[in-house]
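Below, each chain spelled out in residue letters.
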Protein chains: 2
Amino acid sequence: MDIATSPLALPFPAMPAIGGVTLRVARARYKAWDRADLTYAELAPGTALAGVFTRNVCCSTEVEMGRESVAGGAARALVVNAGNSNAFTGYRGREAVEQITAQVAAHLGCSPAEVLVSSTGVIGVPLPKDKAREGVAAALTAEPCGWEDAARTIGTTDTFAKGATVSAMIGDVKVTLNGIIKGSGMIAPDMATMLGYIFTDAAVSPAFLQACLPAANAGTFNCITVDSDTSTSDTVLAFATGAAGNAVLEGQDSPGADAFMAAMQDICRQLAHLVVRDGEGAQKFIAITVTGAVSDESARIVGLAIANSPLVKTAIAGGDANWGRVVMAVGKAGQPADRDRLSIAFGGVWAAKDGLPLADYDEAPVAAHLAGQEVEITVDLGLGEGRATVWTCDLTHGYIAINADYRS
Amino acid sequence: MDIATSPLALPFPAMPAIGGVTLRVARARYKAWDRADLTYAELAPGTALAGVFTRNVCCSTEVEMGRESVAGGAARALVVNAGNSNAFTGYRGREAVEQITAQVAAHLGCSPAEVLVSSTGVIGVPLPKDKAREGVAAALTAEPCGWEDAARTIGTTDTFAKGATVSAMIGDVKVTLNGIIKGSGMIAPDMATMLGYIFTDAAVSPAFLQACLPAANAGTFNCITVDSDTSTSDTVLAFATGAAGNAVLEGQDSPGADAFMAAMQDICRQLAHLVVRDGEGAQKFIAITVTGAVSDESARIVGLAIANSPLVKTAIAGGDANWGRVVMAVGKAGQPADRDRLSIAFGGVWAAKDGLPLADYDEAPVAAHLAGQEVEITVDLGLGEGRATVWTCDLTHGYIAINADYRS
């Protein structure tokens, strides 16, 4: 099956080198394909590590071991396997991951816990140890490659390579954050998995890095949805090499901490949007802003209920300003809401206010807005000051085609 | 838009008369269509009433007023409007419903609270009072009609008329339960709404009827899903006229109460299945049984997570025994589960046991099972004794076509 590049794709940005990070790719041949499928990132000694992982209780071995590594706060290498998710493979899957961490640790002279592994692709098939061993050996000695090569290699059914770069000033030192991410194209029986990696030359303590990442995650990766399904392998890792030489960021009070946190937020938002832009069958990028909720978290839950509603997503696919379906989604979210205070706008034009359709509602500008690739829905609950924005894509025949019509 | 009859449709059953229930239909012309769209059921004095309603907090006026009527426990009439849901219409919508209850109450010499009203169809447009008044007047003097006429008239975009009948013995008295239901075809901007009505000639106290209905609802209507979206108008009402002359069922200890509760459960299950069989775009009827959960409720939540997963539903549409997607859905349900104890079967053939794909798994019988119209998925969590069965349909191009491609 050949999936066309998403109409919402963005070009890969020019991304500078990050001191302390060396990227290499190799062919482990996890599938019968003619492409690199093993990504290796070597990290300078002293690199701080942070991570956030899926809440899916049937998570993969890689996620379990990743959590243990994050507790240690230090990383020397990252290995990403594409084509085999190694999920639901029991002890055999764990043995394969332990083999990889041991092999890399021996090469670098570090602890196996400092080697992070992610895998994505077919499930239920233990990662083949022989292919992994040869792939890792090839990667360890391969020529260094660029960010776009790495971004393409971690992908599976992604339709474009996804990366972002952001910089920030910490005192008079410029630091850079580079991120690459994969998700969420999918072919049965593969699983959509979001794997994101952020590399920075900033000097950051592991504890502060682990504080920054979940904070940035909350309003970015946790605010996107393609189809409401949660992968068993979702992972976002952050690596800080310290090569920029700034005064180490130890906490929120460190000079420059605000700038770093803002940069982390920015790159996470950019990467999250790229995943939505490669959502299966996506034709439209939808931003849903909920205001007037009793709290920010309540606003986020209402926003996700709207974003996950198949009826809302199909309406947007059809260019239909169907605020009735938005009302329905608000009501089913289980959050405080009052039908008679609800107001709904598309592209900034209010279709309904205080629980009633507007008498003078002009559908023409709304129809023009919905015909575009970027759709904005605003919902005001009229209850409080809570607000959130979530992002999703529309639900189209393409989604059905990718997930039902084809089998690998 | 012409929607073909669901391939999962069942013929309308032969349904006997219910003493104390007279059905009539009329043309209120809520839409520009050539069909009856107002259903009127007259109920003998002394008819007991019970009801369960949507949990959507943006519910319709009809649901609010229905809850008040159920608190009274008595009903003399039911009016169902098709073509206009009267939802999100504020005080003007309430005025229209109050006009209907007053009109019928004056005719019957009863309290307006004893007149139940449901509406389904386009939202955001107050039910037109003049059409409602003329439609009700016509219905009050129309010739009585049969169950199939009534079942067809409460429908909107349903592709077939849906009814079921069950009988039970209470002592030596045979009682009958007849049910009709509508749902869940839909055309934008209409809302999918499930409206179900159960009529019985059994003599039942309002309190016991209101105990039986939620009990039956829990394992039937609350265990079906088409697309995870919850209508603002969902309603199931039960009316017991007492015409059968049995000793009044006052509670669980009344002789015959068990038989009546079993019959109520049976008819609710039949009606719930009919809604799934008319699910938008449905090609397959899917039963998902979860066993080994820590509780029945936990099993139901896990089952619904599987049933609502777009990835599972598209896999079934494609005839793909994708147990990996089932694992994913189990894990995201937020209920106790252990990846390494999970077993999954399709059509009774185990594909994975105790967290591992079976080495000798023969896909041929599974593929044959998935090629049929009735699909069974069994998930054993291996934790406890909790179990539940939920029902859904597959997710196909037909769903996208109905909800995105066409506009009214």
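These numbers come from a predicted model, not from an experiment. (Residues numbered from 1 in each chain as written. Chains lettered and ligands numbered in written order. Predicted model: local features only at pLDDT ≥ 70, side-chain atom pairs only at ≥ 80, totals over all residues. Heavy atoms only, no water.)

Here we take up the UniProt feature "binding site: substrate" (unreviewed entry) in chain A. Mapped onto this numbering, the UniProt entry gives "binding site: substrate" (unreviewed entry) at Thr156, Lys182, Thr193, Glu280, Asn403 and Ser408 of chain A. As for its placement among the helices and strands, threonine 156 of chain A is situated in the loop between α4 (147–154) and β6 (162–170). (UniProt positions renumbered as here; feature names shortened; annotations may be inferred. Helix = DSSP H or I, 4+ residues; strand = E, 2+ residues; numbered from the N terminus.)

On to empty space enclosed by the protein. Residues and elements named next belong to chain B. Under the criterion given, the structure shown has three cavities of 30 Å³ or more. What the largest cavity holds in volume is close to 80 Å³. Those elements giving two or more residues to the lining of the largest cavity turn out to be α1 (61–72), β5 (115–122) and β10 (235–240). If you tally residues by element for the lining of the largest cavity, the top one is β5, at four residues. By residue class, the composition of the lining of the largest cavity is six nonpolar, six polar and one charged. (1 Å grid on protein atoms, 1.4 Å probe; cavity = no way out; pocket = protein on both sides within 12 Å on 5 of 7 lines; lining within 4 Å. Points joined across faces, edges and corners; volume = space filled by probe spheres on them. Nonpolar A, V, L, I, M, F, W, Y, C, P; charged D, E, K, R; others polar.)

Our focus in this paragraph is the sheet that holds strand β9 (residues 224–225) of chain B. Residue and element names in this part refer to chain B. Spatially, seven strands are ordered β9-β16-β11-β15-β12-β13-β14 in an open sheet, and the strand pairing comes out mixed. Of all strands in the sheet, those bounded by a partner on one side alone are β9 and β14 (356–357). Examined bridge by bridge, strand β12 (residues 343–346) and strand β13 (residues 349–353) share three bridges and lie antiparallel to one another. Pairing of alanine 345 across the sheet is with tryptophan 350, part of β13. In this fold helix α6 (residues 257–277) packs onto β9, β11 (285–293), β15 (374–380) and β16 (386–393), with an angle of close to 40° to the strand it touches most, β16. (Pairing = 2+ DSSP bridges. Contact = heavy atoms within 4.5 Å. Axes fitted to C-alpha atoms, helices over the stretch in contact; angles between N-to-C directions.)

What follows covers the pairing of β5 of chain B. Residues and elements named next belong to chain B. Among the eight residues in β5, seven count as buried, and that is most of the element. Two strands pair when backbone bridges link them, and strand β4 (residues 77–84) and β5 are joined in this way by eight bridges, in the parallel orientation. What sits directly across from glycine 83, in β5, is glycine 121. Between the parallel pair β4 and β5, the chain is carried across by helix α2 (residues 90–108), and the sense of this crossover is right-handed. (Buried < 20%, exposed > 50% of the residue type's maximum accessible area, 1.4 Å probe, protein only. Right-handed = clockwise from strand over helix to strand, strands pointing away.)

Bringing the domain arrangement of chain A into the picture now. Residues and elements named next belong to chain A. Domain assignment breaks chain A into domain 1 (21–277) and domain 2 (285–405). Using only C-alpha atoms to locate each centre, domain 1 and domain 2 end up separated by 33 Å. Each partner contributes residues to the interface: domain 1 has 17 residues there, and domain 2 has 15 residues. With both sides pooled, the region where domain 1 packs onto domain 2 buries about 1400 Å², and carbon together with sulfur makes up 56% of that total. By the criterion of area lost to domain 2, the three top residues of domain 1 are Cys223, Thr225 and Val276, representing 36% of everything that side buries. At the surface where domain 1 touches domain 2, the tally comes to one salt bridge. In this structure, glutamate 374 engages arginine 277 in a salt bridge whose closest nitrogen and oxygen atoms are separated by 2.6 Å. (Domains from an automatic or database assignment. Buried area = accessible area lost by both parts, 1.4 Å probe. Salt bridge = Lys/Arg side-chain N within 4 Å of Asp/Glu carboxyl O.)

Here we come to the nonpolar core. Counting residues in hydrophobic clusters, the biggest one holds 177 residues, and the most contacted among them are Phe260, Met264 and Phe346 of chain A together with Phe260, Met264 and Phe346 of chain B. Not counting chain neighbours up to four residues away, the residues in contact with methionine 264 of chain A comprise Leu177, Ile198, Leu209, Cys212, Leu213, Ala216 and Ala238 of chain A. With 28 residues, the next largest nonpolar core counts Met15, Leu49, Cys145 and Ile154 of chain A among its residues. (Core = buried A, V, L, I, M, F, W, Y, C linked by side-chain atoms within 4.5 Å.)

To continue, consider the pairing of strand β8 (residues 195–200) of chain A. Residue and element names in this part refer to chain A. For β8, the buried fraction is high: six of the six residues fall into the buried class. On β8, burial covers both faces: Leu195, Tyr197 and Phe199 on one face and Gly196, Ile198 and Thr200 on the other are all buried. For strand β7 (residues 173–182) and β8, the ladder comprises six bridges, and the chain directions are antiparallel. Residue pairing across strands places isoleucine 180 opposite tyrosine 197, the latter belonging to β8.

With that settled, the discussion passes to the pattern of salt bridges. For the structure on display, the rule yields 32 salt bridges over all chains. When the shortest N-O distance is used, the salt bridge between arginine 339 of chain B and aspartate 340 of chain B registers 3.3 Å. Overall, aspartate 340 of chain B belongs to the partly exposed group, its relative accessible area being 37%. What emerges from the salt-bridge pattern is a single network uniting Glu64, Glu68, Arg94 and Glu98 of chain A together with Arg339 and Asp340 of chain B.

This paragraph deals with the sheet that holds strand β14 (residues 356–357) of chain A. Residue and element names in this part refer to chain A. Taken in spatial order, the seven strands of this open sheet run β9-β16-β11-β15-β12-β13-β14, and their pairing is mixed. Edge positions in the sheet fall to β9 (224–225) and β14, since each of these pairs with one other strand and no more. On the sheet, helix α9 (residues 323–332) packs against β12 (343–346), β13 (349–353), β14 and β15 (374–380) and is oriented at approximately 130° with respect to β12.

Moving on: helix α5 (residues 206–218) of chain B. All names here are of chain B. Between the first and last C-alpha of α5 there are 19 Å, a value that for 13 residues agrees with the 18 Å anticipated at 1.5 Å per step. Looking at α5, one finds that the buried residues are Phe208, Leu209, Cys212, Leu213, Ala216 and Asn217. End-on view of α5: buried residues confined to an arc of 160°, all on one side of the axis. Of the surrounding secondary structure, the elements contacted by the buried residues of α5 are β3 (48–53), β8 (195–200), β10 and α6. (Expected span 1.5 Å × (residues − 1). Arc of directions from axis to C-beta.)

In this section: the packing of helix α11 (residues 397–405) of chain A against helix α8 (residues 310–317) of chain B. Running from N to C, α11 of chain A and α8 of chain B cross one another at 65°; their axes reach a closest spacing of 7 Å. As for how α11 of chain A packs across α8 of chain B, the hand of that crossing is right-handed. Counted together, Tyr399, Ile400, Asn403 and Ala404 of chain A of α11 of chain A and Pro310, Leu311, Thr314, Ala315 and Ala317 of chain B of α8 of chain B form the full contact between these two elements. (Left-handed = near helix turned anticlockwise from the far one by under 90°.)

Another aspect to go through is unusual backbone geometry. Backbone geometry at arginine 29 of chain A places phi at a positive 55°, although glycine is not the residue there. The topology assignment puts arginine 29 of chain A in the loop between β1 (21–26) and β2 (38–43). Unusually for a residue other than glycine, aspartate 354 of chain B sits at a positive phi of about 50°. One can find aspartate 354 of chain B in the loop between β13 and β14.

The subject of this paragraph is the packing of helix α2 (residues 90–108) of chain A against helix α3 (residues 129–140) of chain A. Geometrically, a packed helix pair is captured by the angle between its two axes and the distance between the axes. All names here are of chain A. Axis separation between α2 and α3 bottoms out at 10 Å; the angle between their running directions is 25°. Classified by the interaxial angle, the pair formed by α2 and α3 is roughly parallel. Between α2 and α3 lies a crossing of right-handed hand. Only Lys129, Ala132, Arg133, Val136, Ala137 and Leu140 of α3 make contact with α2, whose side of the interface consists of Glu95, Ala96, Gln99, Ile100, Gln103, Val104 and His107. For the contact of α2 with α3, the per-class residue count stands at seven nonpolar, three polar and three charged. (Parallel < 35°, antiparallel > 145°, perpendicular 65-115°, else oblique.)

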